[in-house]
There are 2 protein chains.
Amino acid sequence: MAKPLKIGIAGLGTVGGGVLQILRRNADLLETRCGRPVVVTAVSARSRGKDRGADLSGLRWYDDAAALAHDPEVDVVCELIGGSDGVAKALVETALANGRHVVTANKALLARHGTALALAAESRGLTLAYEAAVAGGIPVIKGLREGLAANRVREVHGILNGTCNYILTEMRTTGRDFADVLADAQRLGYAEADPGFDIDGVDAAHKLAILTAVAFGCQVDFDAVHVEGIRHISSLDIQYADELGYRIRLLAIGRRTERGIEQRVHPCMVPVGSPIGATDGVFNAVVADGDFVDKVVLVGRGAGAGPTASAVVADLLDIAQGRRTPTFGVPAERLVPLPASPIDSRRGRYYLRLMVVDRPGVIADVAALLRDHNVSMEAFLQRGRAPGEAVPVVLTTHETDEAAMQRALAQIGALDTVLEPPRLIRIEDF
Amino acid sequence: MAKPLKIGIAGLGTVGGGVLQILRRNADLLETRCGRPVVVTAVSARSRGKDRGADLSGLRWYDDAAALAHDPEVDVVCELIGGSDGVAKALVETALANGRHVVTANKALLARHGTALALAAESRGLTLAYEAAVAGGIPVIKGLREGLAANRVREVHGILNGTCNYILTEMRTTGRDFADVLADAQRLGYAEADPGFDIDGVDAAHKLAILTAVAFGCQVDFDAVHVEGIRHISSLDIQYADELGYRIRLLAIGRRTERGIEQRVHPCMVPVGSPIGATDGVFNAVVADGDFVDKVVLVGRGAGAGPTASAVVADLLDIAQGRRTPTFGVPAERLVPLPASPIDSRRGRYYLRLMVVDRPGVIADVAALLRDHNVSMEAFLQRGRAPGEAVPVVLTTHETDEAAMQRALAQIGALDTVLEPPRLIRIEDF
Ligand SMILES: NC(=O)c1ccc[n+]([C@@H]2O[C@H](COP(=O)([O-])OP(=O)(O)OC[C@H]3O[C@@H](n4cnc5c(N)ncnc54)[C@H](OP(=O)(O)O)[C@@H]3O)[C@@H](O)[C@H]2O)c1
Ligand SMILES: NC(=O)c1ccc[n+]([C@@H]2O[C@H](COP(=O)([O-])OP(=O)(O)OC[C@H]3O[C@@H](n4cnc5c(N)ncnc54)[C@H](OP(=O)(O)O)[C@@H]3O)[C@@H](O)[C@H]2O)c1
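Model, not experiment: these values are computed from the prediction.

Draft legend 1. Up close: the relation of the copies chain A and chain B. Superposing chain A onto chain B requires a rotation of 180° together with a translation of 0.0 Å along the rotation axis, leaving an RMSD of 0.0 Å. These values place the two chain copies in the arrangement generated by a two-fold rotation axis. The fraction of interface residues of chain A whose copies in chain B are also interface residues reaches 100%, indicating that both copies meet through the same surface.

Okay, here's the thing in structure tokens:
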């Protein structure tokens, strides 16, 4: 019988527990597929005593995760602890330094240290695999890196955070407000007690930085990602979006432009009928656009024990079968630091909502400011009248420059007939 | 510099021409990605004189495709001729016998001879790759075989023929009849002059047989596929589907049941909002359902030079980088002949349209026959009255057995108040 592949798992939480379960439940199937057993030999977590709903007898236990990297019965270290630095980083570095392959689900780590870790792995002929770090169970890394390898990629975009998409979907279907829906999501376990990483867009930005590197063969550059979250999205904007034929999504976009690579995460209006517009609830969706293949869409579950562990185990099987691909699609030492195109250079359409005093001349003032900045209005909506009182006014623009739009916005916001900070949402017509 | 991978291309039509173009236009990118040049050294097609819009000078030309397999400067043979037997089969067999890897887009060949060819390839340590054969540019083979490898797959289904989907979409949006839209599609190049393979479901069945083997690790069994095409779909049924909240799609379904593996291609009603229902026009869509990952959806272009060649070149890059996976996901000699579950064993819901004489008692007769066969009605629609004349009557059933449904149908069709053969369309509530 062929030599088993021996796995050490660090972190036995949601994902680590899932990996244990797959490797046990589907052991025969996996052995048939890859021609050798894939077995867990050692584990590490914080509290040894915790009931993990799985039998750990027969597995070596380490209080210190990094010790996994020294266990001679560990070929691959699964880092399923989390965090961009600290234990996780130390573990991955130690594992690679000790000739162990690494599989991780840790997007924060790769977004911050992806290029350096890829260099460390590749210089030693080791695999650093991370399918689970982006879009959970959906095979987006392999799909892009191996599946679309023939293409020069023009753009990749998607819904990369299921928590935000769940909240936005709930807000639309129930008409309830952000804070309300968030509280519910926390109760249901769809959002963390500290929801900042998700709802402020950081988690999606981590994933985007990784996806961008794979799509364009450039170094991972998390700091170049423009990030906005969904806290300021109101149910009023969601209603207007509906009326205009759009859905509001927290979108992550990586795009090759003449000025460099755009990387941005922010709320967008997208057409209801587009694949992204049609993706409701906790699901993730990724669209990749290649010069020969055109657009390919992948949709599925972006989180949860089963889907995330499915991706981790797929990476383990690549290692078991000796399938190797450069970490980010091109050899790490050839990853280039592509120039970042700042959000100011975006060209596109905009949705703008103002709370104004309902009196003659207000719209004329707004229109004049837009004209002064060369922003051309496409549509304008004012439902209902309330002379002298505050009313919402909504407009959409034709394609224009972000910089011009922001300048106009600053002046519009300063009008004394405009009562609240204007709400701007970018429109992407995929 | 690393040794180039040398390609011999047999067939320089739509797909072959596309492969030549990618390998030239993206040569630098591909070399960066896989660390070695991928170059075409030899080609073969029928007519040497034909202008192929590409410079063939410097490439060896063979009138006899099988000669490619003997050229010492050919590491990989791309079989892009087509056909389940004849030249294509001879070429692939010769190539494998002579130690050449094979990449093909030929679903007919694999549906008929997939298991034997996989054995031939694997016994010699060679790759037989066929990403382009199913769903064109969408990486469904790699997505399922490598991406979802951790899962026991429960089901795979999808739209695998863009021509049929284009015709059904056009029928719906224009209200025109099948024959009309088909003629148009032929004029536009979306359908072949001889459209049988597409519209009678054979092409989708070829692809399904391949997908089923990958999904369930069983031998390719094209003869076990139940096949119906879309010729009998009328615009009336499309209208009724709309009214009931469904879209009509030519669906390919591979499902693991207690009785064995179901493989069927036939028109289905699917919910408008499902990923399959939302896939309009020439696009393909594949949904795979795994025990841990749940449902993953892949959508994109299923045909055309660019997308299909994109898949062929992805396979070439796997070979260039030495990535190997058993042809159908498990080693060919371990593929099992899984028992086929016949269409008669299907359980599900049904749509039934009858043209009946509009007179009292007709519906009661139909309802009685359904009851006699234990088929329970879910909804019933009769729009408009025309006493004594022919009117359409539509009904849907609750979940029932295909066998019972067919028995009821035979008796209903024999009623003399039923004027035309009843139209049955299966409903799949994904
Ligand atoms: N959850 C998802 O759906 C999902 C999806 C995609 C990616 N990810 C990523 O997967 C990783 C793990 O996430 P998770 O949801 O599984 O987290 P989790 O449920 O909080 O589990 C974390 C695990 O790490 C262990 N741990 C913490 N500090 C440790 C230390 N110093 N040494 C050894 N073990 C330590 C914990 O031990 P105790 O159990 O003893 O406390 C726990 O078992 C993260 O990078 C996350 O971003 C998660
Ligand atoms: N077209 C698509 O979008 C698509 C999508 C997926 C899969 N496929 C598959 O890809 C394969 C090729 O399809 P295609 O659309 O490219 O077909 P095509 O345009 O008809 O091209 C067929 C090519 O094969 C050549 N050929 C025919 N007989 C030959 C022989 N005896 N020896 C050498 N060459 C021969 C032809 O030569 P001449 O040019 O000299 O006539 C032609 O170049 C088929 O298996 C098809 O099912 C096609």
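That was the structure; now back to the text.
Draft legend 2. View of the pattern of salt bridges. Residues and elements named next belong to chain A. Under the defined criterion, the tally for this structure stands at 68 salt bridges over all chains. In this structure, the salt-bridge partner of Arg 346 is Glu 428, at a minimum N-O distance of 3.0 Å. Here Arg 346 is found in the loop between helix 11 (305-320) and strand 13 (347-357), whereas its partner Glu 428 is found in the segment after strand 17 (423-427), with 82 residues between them in sequence. The shortest N-O distance in the salt bridge between Arg 426 and Glu 402 comes to 2.8 Å. With a gap of 24 residues between them, Arg 426 in strand 17 and Glu 402 in helix 13 (residues 402-414) connect regions that are remote in the sequence. The residues Arg 426 and Glu 402 share a single accessibility class, namely buried. Here the residues in one salt-bridge network are Glu 155, Arg 255, Glu 262, Arg 264, Arg 346 and Glu 428, joined through shared partners.

Draft legend 3. Region of the structure containing the packing of aromatic side chains. Considering all chains together, one arrives at 4 aromatic pairs over all chains under this definition. Taking 5.4 Å as the distance between ring centres and 40° as the angle between the ring planes, the aromatic pair formed by Tyr 130 of chain A and Phe 328 of chain A counts as tilted. Residue Tyr 130 of chain A is located in the loop between strand 6 (128-129) and helix 5 (140-147), and its partner Phe 328 of chain A is located in the loop between helix 11 and strand 13; the two are separated by 198 residues in the primary sequence. Taking relative accessible area as the criterion, Tyr 130 of chain A reaches 1% and is therefore assigned buried. Relative to Tyr 190 of chain B, the ring of Tyr 166 of chain B has its centre 4.6 Å away and its plane inclined at 70°; by these criteria the two rings are edge-to-face. Linking Tyr 166 of chain B in helix 6 (residues 162-174) with Tyr 190 of chain B in the loop between helix 7 (178-187) and helix 8 (196-199), this pair joins segments that are 24 residues apart in sequence. Judged by relative accessible area, Tyr 190 of chain B falls into the partly exposed class, the value being 42%. One residue, Arg 346 of chain A, lies across the ring of Tyr 350 of chain A, its end atom 4.8 Å from the ring centre.

Draft legend 4. Quick look at the domain arrangement of chain A. Residue and element names in this part refer to chain A. Each assigned domain of chain A is listed with its residue range as follows: domain 1 (5-137 + 325-333), domain 2 (140-302) and domain 3 (346-427). If you average the C-alpha positions of domain 1 and of domain 2, the two centres end up 27 Å apart. Taken residue by residue, the interface counts 20 residues in domain 1 and 23 residues in domain 2. Between domain 1 and domain 2 lies a buried interface of about 1,800 Å² when both sides are counted; carbon and sulfur atoms form 65% of it. In this structure, the connection of domain 1 to domain 2 is made through 2 salt bridges. Two residues, Asp 223 and Arg 112, come together in a salt bridge whose shortest N-O distance is 3.4 Å. For the interface between domain 1 and domain 2, the tally reads 8 residue pairs in polar contact (both at pLDDT 80 or more). By residue class, the composition of the side of domain 1 that touches domain 2 is 10 nonpolar, 7 polar and 3 charged.

Draft legend 5. Examining the sheet that holds strand 1 (residues 5-10) of chain A more closely. Residues and elements named next belong to chain A. Here we have 6 strands laid out as an open sheet, ordered 3-2-1-4-5-6, and parallel in their pairing. Looking along the sheet, the strands with just one partner apiece sit at the ends: strand 3 (60-62) and strand 6. Judged from the 4 bridges that link them, strand 1 and strand 4 (residues 76-79) form a sheet pairing that is parallel. Bridge pairing links Gly 8 to Val 77 in strand 4.

Draft legend 6. Layout of the site of ligand 1. All names here are of chain A. Around ligand 1, a shell composed of 22 residues is seen, among which Leu 12, Arg 46, Ser 47, Arg 52 and Gly 304 lie nearest. At 2.8 Å from an oxygen atom of ligand 1 is found a side-chain nitrogen or oxygen belonging to Arg 46. About the coverage of ligand 1: the protein hides 79% of its 900 Å² of free accessible area. For the shell around ligand 1, the class distribution of residues is 9 nonpolar, 9 polar and 4 charged.

Draft legend 7. How the structure looks around the UniProt feature "domain: ACT" (unreviewed entry) in chain A. Within this structure's numbering, the places UniProt gives as "domain: ACT" (unreviewed entry) are residues 351-426 of chain A. The span residues 351-426 of chain A is 32% helical and 34% strand by assignment, and the distance between its end C-alpha atoms comes to 6 Å.

Draft legend 8. Structural view of the side chain of Thr 104 of chain A. Residues and elements named next belong to chain A. Along the chain, Thr 104 turns up in strand 5 (residues 101-104). Thr 104 sits in the buried class, given a relative accessible area of 1%. Separated by 3.0 Å, the side chain of Thr 104 and the backbone nitrogen of Asn 106 make a polar contact. Those residues within four positions of Thr 104 in sequence are excluded, and the remaining contacts are Glu 79, Leu 110, Leu 128, Ala 129, Tyr 130, Ala 132 and Ala 133.

Draft legend 9. Highlighting the UniProt feature "binding site: L-homoserine" (unreviewed entry) in chain A. All names here are of chain A. With numbering matched to this structure, UniProt assigns "binding site: L-homoserine" (unreviewed entry) to Glu 192. Its location among the elements puts Glu 192 in the loop between helix 7 (178-187) and helix 8 (196-199). Beyond its immediate chain neighbours, meaning those up to four positions away, Glu 192 contacts Gln 186 and Asp 198.

Draft legend 10. Broad picture of the packing of helix 5 of chain A against helix 9 (residues 202-216) of chain A. Residue and element names in this part refer to chain A. Contact geometry of helix 5 with helix 9 gives a least axis separation of 9 Å together with a crossing angle of 15°. In terms of axis orientation, helix 5 runs roughly parallel to helix 9. Where helix 5 crosses over helix 9, the two elements pack in a sense that is left-handed. Between helix 5 and helix 9, the residues in contact are Val 140, Ile 141, Leu 144 and Arg 145 and Ile 210, Leu 211, Val 214 and Ala 215, respectively. Taken together, the residues that form the contact of helix 5 with helix 9 break down as 7 nonpolar, no polar and 1 charged.

Draft legend 11. Just the pairing of strand 13 (residues 347-357) of chain B, in detail. All names here are of chain B. Counting buried residues along strand 13, 10 of its 11 residues qualify, which places the element largely inside the surrounding structure. Here strand 13 pairs with strand 16 (residues 400-401) via 2 bridges, running antiparallel. The partner of Gly 348 across the bridge, within strand 16, is Thr 400. Across 5 bridges, the pairing between strand 13 and strand 17 (residues 423-427) is antiparallel. The residue of strand 17 that forms the bridge with Arg 353 is Arg 423. Summarising the sheet, strand 13 and strand 15 (residues 390-397) pair through 7 bridges and their orientation is antiparallel.

Draft legend 12. Up close: the site of ligand 2. Residues and elements named next belong to chain B. In the vicinity of ligand 2 there are 22 residues, among which Leu 12, Val 15, Ser 47, Arg 52 and Gly 304 approach most closely. Here Gly 13 contributes a backbone N or O atom positioned 3.0 Å from an oxygen atom of ligand 2. Here an oxygen atom of ligand 2 sits 2.7 Å away from a polar atom, N or O, in the side chain of Arg 52. Across the complex, the protein chains shield 79% of the 900 Å² of accessible surface that ligand 2 would expose by itself. Along the lines of polarity and charge, the residues of the shell around ligand 2 split into 9 nonpolar, 9 polar and 4 charged.

Rules and cut-offs
Residues numbered from 1 in each chain as written. Chains lettered and ligands numbered in written order. Predicted model: local features only at pLDDT ≥ 70, side-chain atom pairs only at ≥ 80, totals over all residues. Heavy atoms only, no water. Least-squares fit on C-alpha atoms with pLDDT ≥ 70 in both. Contact = heavy atoms within 4.5 Å. Salt bridge = Lys/Arg side-chain N within 4 Å of Asp/Glu carboxyl O. Helix = DSSP H or I, 4+ residues; strand = E, 2+ residues; numbered from the N terminus. Buried < 20%, exposed > 50% of the residue type's maximum accessible area, 1.4 Å probe, protein only. Phe/Tyr/Trp six-rings, centres within 6.5 Å; stacked < 30°, edge-to-face > 60°. Lys NZ or Arg CZ within 6 Å of the ring centre and 35° of its normal. Domains from an automatic or database assignment. Buried area = accessible area lost by both parts, 1.4 Å probe. Polar contact = N/O pair within 3.5 Å; in protein donor to acceptor, adjacent residues only side chain to side chain. Nonpolar A, V, L, I, M, F, W, Y, C, P; charged D, E, K, R; others polar. Pairing = 2+ DSSP bridges. Near = heavy atom within 4 Å. Areas by Shrake-Rupley, 256 points an atom, 1.4 Å probe, with all protein chains shown as cover. UniProt positions renumbered as here; feature names shortened; annotations may be inferred. Axes fitted to C-alpha atoms, helices over the stretch in contact; angles between N-to-C directions. Parallel < 35°, antiparallel > 145°, perpendicular 65-115°, else oblique. Left-handed = near helix turned anticlockwise from the far one by under 90°.

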